[in-house]
Amino acid sequence: MKHVIIGAGPAGIIAAETLRRADPRSTVTVVGDEPEPPYSRMAIPYLLTGSIGDAGTHLRRGADHFAKLAVDIRRDRATGVDVGDRRVALAGGGHLDYDRLLIASGSHAVRPPIAGMDLQGVENCWTLADARRVAAGARAGARVVLMGAGFIGCIVLEALAKRGVELTVIEMGERMLPRMMDDVGGEMIKRWCESKGVRVLTGARVGAVSAADGGLELALDSGESLRAELVVCATGVSPNVDFLADTAVRIEDGVLVDEYLCSSVADVYAAGDVAQGPDFSTGERRVHAIQPTASEHGRIAALNMAGGRTRFRGSLSMNVLNTLGLVSSSFGLWMGAEGGETARAADAERFRYLRLEFQADRLVGALALGLTQHVGVIRGLIQTRVRLGQWKPQLLRDPLLVMDAYLDCTRRRA
Amino acid sequence: MHPQARLSGRVSVKIQFKTGGSLVEHLPPGTQGNTVELEVPEGATPMDVMRQLCMPTGENYLVSLNGEVVVISERGKRVLAENDHLAIMPPIQGG
């Protein structure tokens, strides 16, 4: 059996290792287009703060790790797939034949359609190569503008602030983290960042970027203009699917996959940022471009490629973020479920906030700010779909009792 | 309807249109959710739909038509037909 995996990120690497165990006599080839050993993008902030070196970002230690597993890692890029002949065309001119194919090609950073975004000094912060350029430009005292205060933006924000730059954050949305926090939480994070010396502009748009005095000038729609030596763009990512343009592999927000991570074409699977798979909360198919989903997708896709029949129960949309020491987290249907009920507790002075979302007597979503000890409990209650029974009215009155509710409900189930 | 289409007397076609994230605010007023039936002039391309909805016509979207990727160079060329499913998805948050 010949397994080919397109993509050497967490989804691809976990799939390769799982295949090696589940299908020992197969050949496993991984194609990745970056000039590094397989690495984790989640480690990039630690690289930027100097806590780790390049090697600290690598997914596996030891130069011979993959050779020992007989996993062939090739530096090349897939340019097309012929699902009839079961063949992947490569940018280097060669091709790979497969019996089973995994598309784990991930996503790429995209920049907004603004004049001047191609100028020198405007960088993404998505790949290791990006991170090295950002590190070179983000010297202590340098004026840096960060475009985008989403999840990635806020992670990069922390790393940039720690490098001692003069930092301004520009977010198009009306609040920070518009896709992971409500207005109460977003406002608290903004005030927190401002208290740490970061300038935060929300509901703000950059009209154009131009070169000025050896640096960059950003013209905002508000009329203000900002000078910067470095502009870091963290305005989102998009799945890498162009090489599938002439295939029967169905695409919507990403590669559509079923509960076995199989695409619309037999023997072609997808995993990670590129896959639009079952969502735990809604049962609909969604792209969750987060590392826990990538790992789980990779493992389950590989088990099924090896001939198994393992169902994926759906990924929980979940983010945990540390912004300059303030930990925020979002889970599942945090914006509320249809016909559901909401409980909120906020303490703006102490930067604490908890929002719980219920459907019938189950917890289906939550936001938490400044409450690290509740993260595991909330996730557990959502993922196990525990019936809260008499605890629900109590939680509606005081959501901070969630820990007691968890301990009581899980003890009863045990 | 596109003003030029009205002038030339062309007919329109109905398509199923899906988007997400911040682009949802460009859907016609009163739209529920992120999917809507749209009437577009005959001969319209995905790029024309973006203009019709006043979406920023950047290249950073994922565009698919009936489950097939429409690469950037094709977005102003592929002609939409009755009952086509067009999806234009903005960048997403990674993590």
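Coordinates for the structure precede this section.
Basis of the calculations
Residues numbered from 1 in each chain as written. Chains lettered and ligands numbered in written order. Predicted model: local features only at pLDDT ≥ 70, side-chain atom pairs only at ≥ 80, totals over all residues. Heavy atoms only, no water. Core = buried A, V, L, I, M, F, W, Y, C linked by side-chain atoms within 4.5 Å. Buried < 20%, exposed > 50% of the residue type's maximum accessible area, 1.4 Å probe, protein only. Helix = DSSP H or I, 4+ residues; strand = E, 2+ residues; numbered from the N terminus. Contact = heavy atoms within 4.5 Å. Phe/Tyr/Trp six-rings, centres within 6.5 Å; stacked < 30°, edge-to-face > 60°. Pairing = 2+ DSSP bridges. Buried area = accessible area lost by both parts, 1.4 Å probe. Salt bridge = Lys/Arg side-chain N within 4 Å of Asp/Glu carboxyl O. Polar contact = N/O pair within 3.5 Å; in protein donor to acceptor, adjacent residues only side chain to side chain. Nonpolar A, V, L, I, M, F, W, Y, C, P; charged D, E, K, R; others polar. Axes fitted to C-alpha atoms, helices over the stretch in contact; angles between N-to-C directions.

J.: Tell me what's going on with the nonpolar core, and back it up with residues and numbers.
T.: Residue and element names in this part refer to chain A. Of all hydrophobic cores here, the largest spans 51 residues; its most connected members are I5, V88, L101, L102, I103 and V255. For this core, the secondary-structure elements that each account for two or more residues are β1 (2-6), α1 (10-22), β2 (27-32), β4 (78-82), β5 (87-90), β7 (100-103), β19 (268-270) and α7 (291-305). Other than its neighbours up to four places away in sequence, I103 contacts I6, F243, L244, V249, V255, V268, Y269, A270, A271 and V274.

J.: I'd love a proper account of the packing of aromatic side chains, names of residues and values included.
T.: All names here are of chain A. Under the defined criterion, the tally for this structure stands at one aromatic pair over all chains. Ring centres of W192 and F351 lie 5.0 Å apart, and the angle between their planes is 80°; this geometry places the pair in the edge-to-face category. Here the residue W192 occupies a position in helix α6 (residues 183-195), and F351 occupies one in the loop between β24 (341-347) and β25 (352-359), the gap between them amounting to 159 residues. Look at F351 and you get buried, because its relative accessible area is 12%.

J.: So what's going on with the sheet that holds strand β4 (residues 68-69) of chain B? Residues and values would help.
T.: All names here are of chain B. The strand order across the open sheet formed by five strands is β2-β1-β5-β3-β4, and the pairing between neighbours is mixed. Edge positions in the open sheet fall to β2 (35-41) and β4, since each of these has one partner strand only. In this structure, strand β1 (residues 12-19) lies alongside β2, joined through seven bridges in antiparallel fashion. Paired with K18 across the two strands is T35, which belongs to β2.

J.: An account of the interface of chain A and chain B is needed here, citing residue identities and associated values.
T.: On the chain B side, the residues contacting the 30 residues of chain A number 20 residues. The contact between chain A and chain B buries some 2,100 Å² in all, and 58% of this surface belongs to carbon and sulfur atoms. The interface formed by chain A and chain B contains two salt bridges. Note that D253 of chain A and K18 of chain B form a salt bridge whose closest N and O atoms lie 3.4 Å from each other. Connecting chain A to chain B are eight residue pairs in polar contact (both at pLDDT 80 or more). Elements with a minimum of two residues in the side of chain A that touches chain B: α5 (151-162) and β17 (237-239) of chain A. Among the elements that make up the side of chain A that touches chain B, the one with the highest residue count is β17 of chain A (three residues). Across the side of chain A that touches chain B, the residue classes break down as 15 nonpolar, nine polar and six charged.

J.: Lay out unusual backbone geometry in plain terms, naming residues and giving numbers.
T.: Glycine aside, residues mostly have negative phi angles, and peptide bonds mostly take the trans form. Residue and element names in this part refer to chain A. Positive phi values are uncommon outside glycine, yet L177 reaches one of about 50°. Positive phi, normally seen in glycine, also occurs at D267, with a value near 70°. Inspection of the secondary structure assignment puts D267 in the loop between β18 (255-256) and β19. Looking at D267, the relative accessible area reads 18%, which means it is buried.

J.: Talk me through the sheet that holds β1 of chain A; I want residue IDs and the actual numbers.
T.: Residue and element names in this part refer to chain A. Read from one edge of the open sheet, five strands run β3-β2-β1-β7-β19, paired in parallel fashion. Each edge of the open sheet is held by one strand with a lone partner, namely β3 (71-75) and β19. For this sheet, the mean inter-axis angle between neighbouring strands, taken without regard to orientation, is 20°. Where β1 meets β2, five bridges bridge the pair, whose relative direction is parallel. The residue of β2 that forms the bridge with I5 is V30. Sheet contacts for α1: β1, β2, β3 and β7; angle to β2, the most-contacted strand, approximately 170°. Each of β1, β7 and β19 touches α7; the most contacted strand, β7, lies at about 170° to it.

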